[in-house]
Amino acid sequence: MIKEKLSFTCDVLLSHQQLACCDCYCGIPHQGKNVLIYSNKETQRKPLLLTGHHGDISAMTFGKRSSPVTLCSASSEYIIIWDIQACQKRQEEGKLAAGTVIGTLLGNVVHLSFCSDDELVAVCSGTTIYVLNSKRQEVIFTLNGHLGFLTSAEFCPWNTNILVSTSEDRTFKVWDLKTGAVFYQSFVLGGSPLLSVLFLEEEEQLITGSTDGQMWCFSFDDDYKCHLVKKMDLQKMEKRYEMRQDTLSQPQDVAEQLVANKVEISKPVIQMASCGSFAEIQFGQEIDNSWFCVGSSNGLYVVELATSELLMVLYFKDNPTLNMTMAGSWSICVGSDKSMIVLVSSLFTPCVVLLELCLSNLRRTREEGGSGFSVFPSSPPLLESPLNAELKRKEPSHPKKKGGIKEKPLVFHSKVKSSGYNTTPRMTMFSAQTNAQKKTSPKKSMKHLGLLHSNYPEDSAAPTEPHTALNIANKQVSCLQYSGDGKKILCGLGDRSVLLYNSCLTGSPTAYIGHDKPVTSVSWSLCRQWWLSAAEDLSLRIWTKSTSEPAIILGDTMFSKPIRGAQFYYLDKFLVLTSGPSIYLYLYNVDLTRDDVKRYKQRSIIKLASCLTPSASDITALSAVNDFLSDIVLVSCSDRSIQVLDMNKGAVGSVLPDAHSRAIHCITQNKGSTFTSQAPESYNLFLTSAVTDGVKMWDLRTMRCVRRYENHVNLCHACSSAISPCGRFIASGSEDKCLLTGTLDGKLRLFQSSTGSHLSHDTSAAVLCISNVTA
């Protein structure tokens, strides 16, 4: 994975000095005023010696172009550009290597950088940025504006007229090199100075890091008005990574104790570099996953941009053969043969090492790491499994008649035709009808009646335009769910009622009233003959379309805390619900018949089959698959964790700690659809959402986050892009997608694509988007 190619002992300490490293060469200061250039492929070869500075060298960097290879070195007296190939040729001829002076007396230079075409050089000295011409001695711009000392400055790779600088004043600025003005100035990002900045060309984003391990990712649009996309904490990411690694090898409680006992050290973001992207096949589509690496004091951190999670950490302490324990400065370069070359200086000793990291090994480790679950059961339920529970129904008892002659019919056949004594006499005689016309059945109107496509269109656009907006008298919309055929919508409100709409939100809804507190959850049965509602009043009701009275009422001090989630489960065999820290599994039988005398007595039966308490924390959200048999039930807890429950064993299968920065308020799975075909692997995905922490997509097979969506401004777009690859929408009479959202102000909004036809969708999309919008 990691290989030391060169170890060099310097005569002075280079702990916080900018070093130079590229694909072919690395530059190391020697005796203060000179530079040694080593070949990365032939480190044993005699280095190239560059002389010309009169003062100690404080910063160095290589150009972006591969030919010719240029090096810029800076001291307090001179800024010199070196042509490495030309200097090697002069050395072979027995002459001294010479460079071009492009700047003089610019002060203590702490950072240098080239633009993408190596025409310009940015020099950071004190609080001033000097933009120099790399061909001759010319100062193009002098940029001032930061209140603290500069720490770095980088050119935009796709626009050389844009420069971004970071400073100890904890802000960064975006400069326009055409006018010398400031395009954008950030707010104070944190309590520690900013050290480095990285451009992500494919995503058109920039990341800046500070001395306390905080990283901020900003979008970089055409107007250069940066918008915060995500924030990452290197220390928290490392804690989650170590927890995952320890959980794979040890029990959960032991892993938490090991992580808690570790000594925390500061993790400054000294240097960042993009590791490029690799193509990964997911659900038959090729997806590019981008990595970037962070050089810190104790090692190299590799971060996956899509999930903001660590893929791997390379600690110096785990490699005893390395001549490095703590790093002071980094220079990172991605090689041409899927390798990464890094030049690191020691923090406490005058030592510099050249390391090589193989990216192909990193990808193999990512693919092989982790062993998770699957929503599809691999074996039948165990004999003692709660899923094998059955509801014993009492047969109706008829009183036995005592002896005597049994009643028998007076005829030998079973049917007796009436003699017609009680009928009205027939007054008209029979007459044949000769002009009778054959009745033809009226053709069904092909207008938009909610007809469903047999196959889901995958090439339609995401829903972006409002189609219908419905105001429900300023009542809070707490939950939504579509029926399986997409024709009906259940809407739970904060005024204790449940409304039943048609899918286009037209006409008057049917109201169901019975709860005493706001409704928290609604769910359709698979057969669509009945549905349930749960509320804050510690009760659950099962309703039918034929009557306004509930068929089953579950409550009466049975639960001590409100029901946060309830739904049908295991092909409508069970009811699964959560209250407090426990999850309950109920058997039930809906019987709509009633005794005319004792109408208050319901004949429906409900019985507790199992109760499981995964942890001491209250459960905040629940998700289970009802469309097919599955042993997996997912719950999120108030301690920000995700619990994977194996209902076949009646135990906790796995725990994902610190899944979000706040408690998860919504969790939903890819539950499939009868109107679209999907890859079996896609059913192992599920989504979670938390307030101010966006939406995350997880994979049960690896127990890892695979995507993260944090654009709170375009929340509907995030939900659509997250769900549509899993096929979570059902089209109705059109090939467009649409999205239904509900808000705290009691408004239902139906979004669709620009072609302008109504659609209906599946349950999980509506619930997910409702939860995000209300948050």
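Residues numbered from 1 in each chain as written. Predicted model: local features only at pLDDT ≥ 70, side-chain atom pairs only at ≥ 80, totals over all residues. Heavy atoms only, no water.

1. Considering the sheet that holds strand β45 (residues 651-656)
Across the sheet, four strands lie side by side as β42-β43-β44-β45; this open sheet has antiparallel pairing. Only two strands of the sheet have a single partner each, and these edge strands are β42 (619-624) and β45. Going from strand to strand, the sheet's axes swing by 25° on average, the running direction of each strand aside. Where β42 and strand β43 (residues 632-637) come together, five bridges link them in antiparallel fashion. Bridge assignment links Leu622 to a residue of β43, and that residue is Val635. (Pairing = 2+ DSSP bridges. Helix = DSSP H or I, 4+ residues; strand = E, 2+ residues; numbered from the N terminus. Axes fitted to C-alpha atoms, helices over the stretch in contact; angles between N-to-C directions.)

2. A look at unusual backbone geometry
The residue after Ser67, namely Pro68, is reached through a cis peptide bond having omega -5°. Within the secondary structure, Pro68 sits in the loop between β6 (57-62) and β7 (70-75). Phi at Arg528 takes a positive value of approximately 65°, unusual for a residue other than glycine. The topology assignment puts Arg528 in the loop between β34 (519-524) and β35 (530-535). On the accessibility criterion, Arg528 (30% relative accessible area) is partly exposed. Positive phi, normally seen in glycine, also occurs at Leu571, with a value near 55°. Within the secondary structure layout, Leu571 lies in the loop between β38 (563-569) and β39 (574-579). (Buried < 20%, exposed > 50% of the residue type's maximum accessible area, 1.4 Å probe, protein only.)

3. Points about the pattern of salt bridges
Taken as a whole and judged by the stated rule, the model has 15 salt bridges. Across the pair Arg136 and Glu138 runs a salt bridge whose closest N-O atoms are separated by 3.0 Å. According to the relative accessible area criterion, Glu138 is partly exposed, its value standing at 31%. We note a salt bridge from Glu390 to Lys573, for which the minimum N-O separation is 3.2 Å. Here Glu390 is found in the loop between α4 (359-368) and β29 (465-471), whereas its partner Lys573 is found in the loop between β38 and β39, with 183 residues between them in sequence. Each member of the salt-bridge network shares a partner with another, and the members are Arg240, Glu309 and Lys696. (Salt bridge = Lys/Arg side-chain N within 4 Å of Asp/Glu carboxyl O.)

4. Comments concerning the packing of aromatic side chains
Considering all chains together, one arrives at 22 aromatic pairs under this definition. Where Phe172 meets Phe218, the ring centres are 5.0 Å apart and the plane angle is 65°; that geometry is what we call edge-to-face. Here the residue Phe172 occupies a position in strand β16 (residues 172-176), and Phe218 occupies one in strand β20 (residues 214-219), the gap between them amounting to 46 residues. Residue Phe218 is classed as buried on the basis of its relative accessible area of 1%. Within the aromatic cluster, the residues linked to one another by ring pairs are Phe172, Tyr184, Phe187 and Phe218. It is Lys317 that lies over the ring of Tyr315; its NZ or CZ is 5.3 Å from the centre. (Phe/Tyr/Trp six-rings, centres within 6.5 Å; stacked < 30°, edge-to-face > 60°. Lys NZ or Arg CZ within 6 Å of the ring centre and 35° of its normal.)

5. Focus: the sheet that holds strand β9 (residues 100-104)
Across the sheet, which stays open at both edges, the four strands sit in the order β6-β7-β8-β9 with antiparallel pairing between neighbours. Each edge of the open sheet carries a strand with a single partner, namely β6 and β9. The average angle at which neighbouring strand axes cross in this sheet is 20°, direction not considered. Where β6 lies against β7, five bridges are found, and the strand directions are antiparallel. Bridge assignment links Phe62 to a residue of β7, and that residue is Leu71. Helix α1 (residues 84-92) rests against β6, β7 and β8 (78-83) of the sheet, and its axis sits at about 75° to β8. (Contact = heavy atoms within 4.5 Å.)

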